[in-house]
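So you can see what is in the structure, the chains are spelled out below.
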Amino acid sequence: MADTKISSVHPAPAQLPDGRPPKPTKGPPALGLGGGLRFLWTQLTSMRTALVLLFALAVAAIPGSLVPQRKISPIRVSDFIAEHPTLGPIYDRVGLFNVYTSPWFSAIYLLLFVSLVGCIIPRVRVYAKALRSRPPGTPRNLSRLPAYAVAEVPGGNAEQILAQAAARLKEQRYRVIRDGDAVSAERGYLREAGNLVFHVSLLFLLLGVAVGGLYGFRGTSVVITGQGFSNNLIQYDDFSAGAWFKDSDLQPFTVAVSSFRAKFETGNVQRGAARLFEADVAVTDSPGGTPVQQKLEVNKPLNIDGTTVHLIGHGYAPTVTVKDGAGDIAFSGPVVFLPQDGNFTSAGVIKVPDGRPERLAFEGLFLPTAVLDDQGPRSVFPDAANPALFLNAWSGPPKKETGLPENVYSLDTDGLTQLKDGRGDTLRIALTPGTSYTLPDGRGTIQMDGWVRWVKLQIGDTPGVAISLGAIGFAVAGLCLSLFIRPRRVWVRARRGQDGPTLVEVAGLDRADARAGLDEDVAELAAGWSGDTTGKGSSTR
Amino acid sequence: MNYEYYSSLALVASAVVYMLAMFAHAAEWAAARRDVADPSASVTAQDSARELVPASQSAPVAAGVRAGVAEGAAPTTADGGSGGVPPGQRMEMFGRIGVALTLVGFALSVTGVVARGLAAGRAPWGNMFEFTTSAMVFVVAVYLVMLFKSGMRWLGLPVTLLAAVGNGLAVTVFYVAVAPLVPALHSVWFVIHIVAAVISGAAFNVGGLAAILYLVKKRAEDRGTVRGYLASLPTAKRIDLLSYRFHAFAFPLWTFTVAAGAVWAEYAWGRYWGWDPKETWALVTWVIYACYLHARSTAGWKGTKAAVIAIIGLASFWFNFVGINLLVSGLHSYAGV
Ligand code: HEM
């Protein structure tokens, strides 16, 4: 037994660090299908393959950060395709706009995880065995080990010294056995355990992500202050969910937004930067329940029975009243305009389908702090310091109700004609709160009553997050064990020399590369025996 | 009192002082160039002496070199340089000047960062300027600890170079005046996530510098041309070990940084992971360092190849910090530049 140990403790690693014998990577594999598969498996689970796959993963993730991604910024993707008529479609075909769901990206990480499983299983087995086995026997020639020290203890008692050595090593939390005229000790089993925990945690992380992907959902809804949202599929502006999500998973709660406050930097540094967003909401967590007042802020989402509600955006909704040609109020209320830039130059459409004799429509900009100069109308500050509404107008014969859904943010001008002013130019309407404009030819009036804010809520649930976070916690803990624990073997042999003094030999071996302090520890063990010890030398490598 | 003004002043001064420190260390190495010694003997003796200093002081075991290599070489002190050759007084003097200047630069940069925090009334890492200057404080602090604990003055040149460039870029290119944070940064995670990032970043940087020195030294050793300042570096093997230690320290912390970032992203943006360019590159960096750790335990990848991977990892770290902030738009666009 001692002989086999000697071969395994010598510097040139006869074993991989994980304790497996090195696998042949060259040479023809065994013939036959079974042999071929076995060969493939061996290749896939080798450390080298893991390395290549990890690299591939890093490289494959890069394009997604440089090329716009459809999931993140669909508009930039269509802009990109429009700008690059030849490159765009090619990119599209190879999945460069959807890198993280593309087959090649998925293939890399799935292979990596297969490799990981193939790597973990045998290592768990080896580790379980190592836990049950005794510390290794003592090599015959201790001086050949990487660290070695010897001391002569005049008149020492070999038995006593060995007992002391064993006690000292136990104190340092080695597993110790007596082995003939020597003590053999080993420590650092937790290193491999940490490594295994880390790698297994990665699997759980993936599991958590998969659960979230399959059962989770997320959607957004724009809610004008004073109105509310109830958690119902039809109330979402956009919605996406995993394959195994069911509509009935939506909790039947409502969130009423009573007010929203925004503050922006007015000083010279970072002028216009956001400083405060805060909404007052009333949450009713089940139909008929009592509403609970809560504050909703960025970084402080609501959590309603596991569903989170985030405040992720805001904007302006001018309130207008439109009278039609017949003099009746054909529309009145706030209309959501969507911000186009950091100063909330906001674009929107006011549709008045009920106008008679002609229906009306308006398209234009809401400017919280309006400036009109040779660059055209635009906003120069995100807060509503000087709000104004700039519109063009259309009219046309009433349309048949089709019941088809219509995009509220864009105007389909089919069947509509744009209104002109007296000189035949496009009619431009400029309104400030409280003012109104009379359309030409008795088509009606439009009045800007004022403005309110809207907030964009994101409602979602990501089950499996607890698994992922737990996995990461274990992964970090495992990593620390695996990186900071130093597995080490130490042997102490004490022999009574012919002419009196007891010869104490100490040798050590670090089982993980890149550890240090071995020489010091060995030297320390060899020294300090009672009596006038003389060191004879220690070796370093 | 105008903290902001004094902060900027101290940081500009620190960049200048670090630069002077770097010149001093460069002069130290240039002086070493003239100290031609028998390279292999001096390196080995010095190195093993360094390793055994604690043991030889606390235990009566003489530091000898293993049979086969200069049996019985006289033990030298850690700072002694090559025995027999004139002690290199000029080298020593420049080295001490370099360390003294580094201490001054460090004091200035700590002052600058603290004053910045006082001026802003919050942790001083809300934008690129603040992040860089804070990171440089940690880089130099790590170096100073290593210097006084283990005499690693040979790290002086690269570290002062990095600190001079870092603070120099910060005060010129990245500078922004003090301003409060946008609401997305109002969170305890602001402190947790970024402190972890700054500390692991500092360790990656020092580890990366060591990896570069390792490659230089290894080449010289392989060619047998260890001369001048290279002779005053530890052996390639020791540099590699040191580099590994820094990476091993930084990696779990970086893992935590990325995870904490994901948790914060959930609070601030409503999703844990959205493949934002910053997130993506944090992951890419993480994977590259995982490659490094794997490479170190794969036969045929140890040593040079692993060091190259570590340097790629550092490049990726820097690209994520500078390139992504300045070139690519994303949710992390808080650089303020
Ligand atoms: C998702 C992919 C993987 C990641 C992110 C990863 C990450 C890591 C990290 C960070 C370490 C260093 C910490 C330590 O020493 O414990 C490590 C070590 C290790 N990994 Fe992986 N790993 C992955 C896949 C694999 C695979 C597929 C294998 C098997 C072929 C493997 C085998 C090992 C071994 C043997 C070590 C120990 C190295 C040593 O003893 O120093 N890993 N891994």
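Rules and cut-offs
Residues numbered from 1 in each chain as written. Chains lettered and ligands numbered in written order. Predicted model: local features only at pLDDT ≥ 70, side-chain atom pairs only at ≥ 80, totals over all residues. Heavy atoms only, no water. Helix = DSSP H or I, 4+ residues; strand = E, 2+ residues; numbered from the N terminus. Rg over C-alpha atoms; globule rule 2.2 N^0.38 Å. Buried < 20%, exposed > 50% of the residue type's maximum accessible area, 1.4 Å probe, protein only. Contact = heavy atoms within 4.5 Å. Pairing = 2+ DSSP bridges. Axes fitted to C-alpha atoms, helices over the stretch in contact; angles between N-to-C directions. Near = heavy atom within 4 Å. Polar contact = N/O pair within 3.5 Å; in protein donor to acceptor, adjacent residues only side chain to side chain. Nonpolar A, V, L, I, M, F, W, Y, C, P; charged D, E, K, R; others polar. pLDDT = per-residue confidence, 0-100. Patch = residues over 30% accessible without salt bridge, like charges linked within 9 Å, V, L, I, M, F, W, Y side chains within 5 Å. Areas by Shrake-Rupley, 256 points an atom, 1.4 Å probe, with all protein chains shown as cover. Salt bridge = Lys/Arg side-chain N within 4 Å of Asp/Glu carboxyl O. Parallel < 35°, antiparallel > 145°, perpendicular 65-115°, else oblique. Phe/Tyr/Trp six-rings, centres within 6.5 Å; stacked < 30°, edge-to-face > 60°. Expected span 1.5 Å × (residues − 1). Left-handed = near helix turned anticlockwise from the far one by under 90°. Disulfide = S-S within 2.5 Å. Core = buried A, V, L, I, M, F, W, Y, C linked by side-chain atoms within 4.5 Å.

In terms of regular secondary structure, chain A is built from 11 helices and 25 strands. Here the C-alpha radius of gyration of chain A, 38 Å, is well above what a compact globule of 541 residues would show, namely 24 Å. Once the C-alpha set of chain A is aligned to its principal axes, its extents read approximately 125 × 60 × 55 Å. Looking at chain A residue by residue over its 541 residues, the buried ones come to 45%. Summarising the internal contacts of chain A: among those between residues at least 6 apart in sequence, 63% fall at separations of at least 24.

Of regular secondary structure, chain B possesses 10 helices and 0 strands. Its helices and strands taken in sequence order, chain B reads α-α-α-α-α-α-α-α-α-α from the N to the C terminus. Counting the 337 residues in chain B, one finds 57% classified as buried. Considering only intrachain contacts with a sequence separation of at least 6, the fraction spanning at least 24 residues in chain B is 81%.

Looking now at unusual backbone geometry. All names here are of chain A. Cis peptide bonds are those with omega within 30 degrees of zero, and the linkage from Arg-356 to Pro-357 qualifies with 5 degrees. As for its position among the elements, Pro-357 is in the loop between strand S14 (346-352) and strand S15 (359-367). Here the phi dihedral of Asp-441 falls at roughly 60 degrees; this positive angle occurs in a residue that is not glycine. Assignment of secondary structure puts Asp-441 in the loop between strand S21 (436-439) and strand S22 (444-461).

All names here are of chain B. Assignment of secondary structure puts Ala-24 in helix H1 (residues 3-34). You can call Ala-24 buried: its relative accessible area is 9%. Spatially, the C-alpha atoms of Ala-24 and Val-99 are 8.6 Å apart, while their sequence positions differ by 75 residues.

Residues and elements named next belong to chain A. Spatially, S5-S7-S8-S9 is the arrangement adopted by the 4 strands of the open sheet, whose pairing is antiparallel. Only two strands of the sheet have a single neighbouring strand rather than two, namely strand S5 (228-230) and strand S9 (292-297). On average, adjacent strands in this sheet sit at an angle of 30 degrees to one another, irrespective of strand direction. Taken together, the 10 bridges between strand S7 (residues 254-264) and strand S8 (residues 274-284) define a ladder with antiparallel strand orientation. Bridged to Lys-263 within S8 is Leu-276.

Time to look at the site of the ligand. Lining the immediate surroundings of the ligand are 25 residues, of which Cys119(A), Asn195(A), His199(A), Ser482(A) and His294(B) lie closest. One chain alone does not account for the residues near the ligand; they come from chains A and B. In this structure, an oxygen atom belonging to the ligand sits 3.2 Å away from a side-chain N or O atom of Arg191(A). One of the side-chain N or O atoms of His199(A) is found 2.7 Å from a nitrogen atom in the ligand. Those elements that provide at least two residues to the shell around the ligand are helix H3 (47-61), helix H7 (103-132), helix H9 (189-215) and helix H10 (465-484) of chain A together with helix H9 (277-296) of chain B. The residue inventory of the shell around the ligand, partitioned by class, reads 14 nonpolar, 8 polar and 3 charged.

Residue and element names in this part refer to chain A. The share of residues in chain A with pLDDT of 70 or more is 90%, and the mean pLDDT across the chain is 85. Low pLDDT (under 50) marks residues 1-30, which in the prediction has 33 contacts with non-local residues, meaning those over four places away or in another chain. For residues 531-541, every residue scores under 50 in pLDDT, and the model assigns this stretch 41 contacts once sequence neighbours within four places are set aside.

On the surface, a cluster of nonpolar side chains totalling about 420 Å² of accessible area is made up of Val12(B), Val16(B), Met19(B), Leu20(B) and Phe23(B). When you line up the elements, Met19(B) lands in helix H1.

Residue and element names in this part refer to chain A. Take Glu-363: it is sitting in strand S15. Given the relative accessible area of 31%, Glu-363 is considered partly exposed. Along the chain, Glu-363 and Arg-271 lie 92 residues apart, while their C-alpha atoms are 29 Å from each other. Sequence-distant contacts of Glu-363, defined by excluding residues within four places in its chain, comprise Gly-348, Val-349, Phe-390, Leu-391, Asn-392, Trp-394 and Leu-411.

Turning our attention to the packing of H9(B) against helix H10 (residues 304-327) of chain B. Residue and element names in this part refer to chain B. Between H9 and H10, whose axes approach to 8 Å, the crossing angle comes to 170 degrees. Judged by the angle between their axes, H9 and H10 are roughly antiparallel. A breakdown of the residues in the contact of H9 with H10 according to their chemical character gives 18 nonpolar, 5 polar and 2 charged.

Before going further, it helps to spend a moment on the environment of Val281(A). The topology assignment puts Val281(A) in strand S8. The residues touching Val281(A), leaving out its near neighbours within four places in the chain, are Val255(A), Ala256(A), Val257(A), Ser258(A), Val292(A), Gln293(A), Gln294(A), Leu296(A) and Leu302(A).

Take the pattern of salt bridges next. Enumeration according to the criterion identifies 25 salt bridges over all chains in this entry. Across the salt bridge formed by Asp373(A) and Arg378(A), the nearest N and O atoms sit 2.6 Å from each other. Given a relative accessible area of 24%, Arg378(A) falls into the partly exposed group. Linking Asp240(B) and Arg296(B) is a salt bridge whose minimum nitrogen-to-oxygen distance equals 3.0 Å. One end of the pair, Asp240(B), is in helix H8 (residues 236-269); the other, Arg296(B), is in helix H9, and 56 residues separate them in sequence. One exposure class covers both Asp240(B) and Arg296(B), and it is buried. Here the residues in one salt-bridge network are Asp181(A), Arg493(A), Arg495(A) and Glu505(A), joined through shared partners.

Residues and elements named next belong to chain B. In total, this model carries 33 aromatic pairs over all chains according to the counting rule given. Centre to centre, the rings of Trp-318 and Phe-321 are 6.2 Å apart; their planes meet at 65 degrees, and the pair counts as edge-to-face. Linking Trp-318 with Phe-321, this pair stays in helix H10, spanning 3 residues, or about one helical turn. Residue classification places Phe-321 among the buried residues on the basis of a relative accessible area of 11%.

This paragraph deals with helix H5 (residues 156-172) of chain B. Residue and element names in this part refer to chain B. Helix length check: H5 (17 residues) gives 24 Å between terminal C-alpha atoms against 24 Å at 1.5 Å per residue, within 8%. H5 sits mainly inside the fold: 12 of its 17 residues count as buried. Regarding H5, the residues found buried are Gly-156, Pro-158, Val-159, Thr-160, Leu-162, Ala-163, Ala-164, Gly-166, Asn-167, Gly-168, Ala-170 and Val-171.

What follows covers the side chain of Glu505(A). Residue and element names in this part refer to chain A. Looking at the element boundaries, Glu-505 is found in strand S24 (residues 502-510). A distance of 2.5 Å separates polar atoms of two side chains, one belonging to Glu-505 and the other to Tyr-148. Apart from the residues lying within four places of it in its own chain, the contact partners of Glu-505 are Leu-142, Tyr-148, Ala-149, Val-150, Trp-491, Val-492, Arg-493 and Arg-495.

With that settled, consider the packing of H8(B) against H9(B). All names here are of chain B. Interaxial distance between H8 and H9 falls to 10 Å at its minimum, and their mutual angle equals 150 degrees. Here H9 runs roughly antiparallel to H8, going by the angle between their axes. In this structure, H8 meets H9 at a crossing whose hand is left-handed. Each of Asp-240, Ser-243, Tyr-244, His-247, Phe-251, Trp-254, Thr-255, Val-258, Ala-265 and Trp-269 in H8 lies in contact with H9, whose residues at this interface are Glu-279, Ala-282, Thr-285, Trp-286, Tyr-289, Ala-290, Tyr-292, Leu-293 and Arg-296. Its residues assigned to classes, the contact of H8 with H9 comprises 12 nonpolar, 4 polar and 3 charged.

Turning to the state of the cysteines, a few remarks are in order. This structure, assessed with the given rule, holds 0 disulfides over all chains. Unpaired in terms of disulfides, Cys291(B) finds its nearest cysteine sulfur in Cys119(A), a separation of 14 Å.

Moving on, we come to the nonpolar core. Counting residues in hydrophobic clusters, the biggest one holds 109 residues, and the most contacted among them are Trp154(B), Leu155(B), Leu242(B) and Trp254(B). At 16 residues, H8(B) tops the list of elements feeding residues into this core. When near neighbours in sequence (up to four residues on either side) are disregarded, Leu242(B) contacts Met146(B), Met152(B), Trp154(B), Leu155(B) and Ala210(B). Core analysis: the second largest hydrophobic core is formed by 27 residues, Val223(A), Val281(A), Val298(A) and Ile459(A) among them.

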